[in-house]
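Report on the structure
Listed below are the residues making up each chain.
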Amino acid sequence: MSAPKVKRFKKAESLSLPAQTFIKTQILAVITYPALFLAVGIASLSADLSEEYMFYPAVLSFAAASFVCAAYAGKKLHKNGLITGLLFCLPENFIVMLISLIGNSFKFDFTAAVSMFILVVSSMLGGVVSVNTSTKPKIKVK
């Protein structure tokens, strides 16, 4: 009796650069969003801000995290900073909006709209700034 043949699978091709960058951006977001929110929360508590003013530092921390994630994605892809920043930070912005709506009893008011606008603009700005300031890969012409 001979041993059964084992099927060998071809090596899986690696993910494309945009897919790799998207996954890395999401991992970066999981780290930066809570870290910046915690840092701003500690600073706000140590400054003895009243509860009604805690909203603004929270939005600014999320905007900064959105900027950082979009800047990372734009730096890796080197093109279309506006769209890259918007698309790569869309999941985080959606989650923040969903949490905000749940915490606000599903009332979408003017402050929620302004905060979402700030997050979207900061993510697009992060993508644009990183694409325009990063060094482009050198292409050798033969």
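The following refers to the structure shown.

How each quantity is defined
- Residues numbered from 1 in each chain as written.
- Predicted model: local features only at pLDDT ≥ 70, side-chain atom pairs only at ≥ 80, totals over all residues.
- Heavy atoms only, no water.
- Helix = DSSP H or I, 4+ residues; strand = E, 2+ residues; numbered from the N terminus.
- Buried < 20%, exposed > 50% of the residue type's maximum accessible area, 1.4 Å probe, protein only.
- Contact = heavy atoms within 4.5 Å.
- Areas by Shrake-Rupley, 256 points an atom, 1.4 Å probe, with all protein chains shown as cover.
- Disulfide = S-S within 2.5 Å.
- Polar contact = N/O pair within 3.5 Å; in protein donor to acceptor, adjacent residues only side chain to side chain.
- Arc of directions from axis to C-beta.
- Phe/Tyr/Trp six-rings, centres within 6.5 Å; stacked < 30°, edge-to-face > 60°.

What follows is about the overall build of the protein chain. Helices and strands together make up the secondary structure of the protein chain, namely 5 helices and 0 strands. Along the chain direction, N to C, the helices and strands of the protein chain fall in the order α-α-α-α-α. In the protein chain, which comprises 142 residues, the proportion classed as buried is 29%. At a minimum sequence separation of 6, the contacts of the protein chain that also span at least 24 residues come to 78%. About 10,500 Å² of surface is accessible on the protein chain, with carbon and sulfur atoms providing 71% of the total.

On to the state of the cysteines. Tallied over the full model, the rule gives 0 disulfides. Take Cys-69: it sits in no disulfide, and the sulfur closest to it among the cysteines is that of Cys-89, at 5.2 Å. Here Cys-89 falls in the buried class, since its relative accessible area comes to 0%.

Time to look at the side chain of Thr-21. With respect to the secondary-structure elements, Thr-21 resides in helix 1 (residues 17-46). Residue Thr-21 is classed as buried on the basis of its relative accessible area of 2%. Here the side chain of Thr-21 touches Leu-17 through a polar contact of 2.7 Å, landing on its backbone oxygen. With residues up to four places along the chain from it excluded, the contact list for Thr-21 reads Tyr-72, Ala-73, Lys-76, Leu-77 and Phe-88.

Another aspect to go through is the environment of Val-40. Within the element layout of this structure, Val-40 appears in helix 1. Along the primary structure Val-40 and Met-54 are separated by 14 residues, whereas in three dimensions their C-alpha atoms are 9.3 Å apart.

Another point: helix 3 (residues 81-88). Looking only at helix 3, the buried set comprises Gly-81, Thr-84, Gly-85 and Phe-88. Viewed along the axis of helix 3, the buried residues span an arc of 95°, placing them on a single side of the element.

Right, let's talk about the packing of aromatic side chains for a bit. This structure, assessed with the given rule, holds 4 aromatic pairs. Residues Phe-37 and Phe-62 carry aromatic rings whose centres are separated by 5.2 Å and whose planes lie at 5° to one another, so their mutual orientation is stacked. Of this pair, Phe-37 sits in helix 1 while Phe-62 sits in helix 2 (residues 55-77), and the two are 25 residues apart along the sequence. Judged by relative accessible area, Phe-62 falls into the buried class, the value being 19%. Centre to centre, the rings of Phe-55 and Tyr-56 are 5.4 Å apart; their planes meet at 75°, and the pair counts as edge-to-face. What makes Phe-55 partly exposed here is its relative accessible area of 34%.

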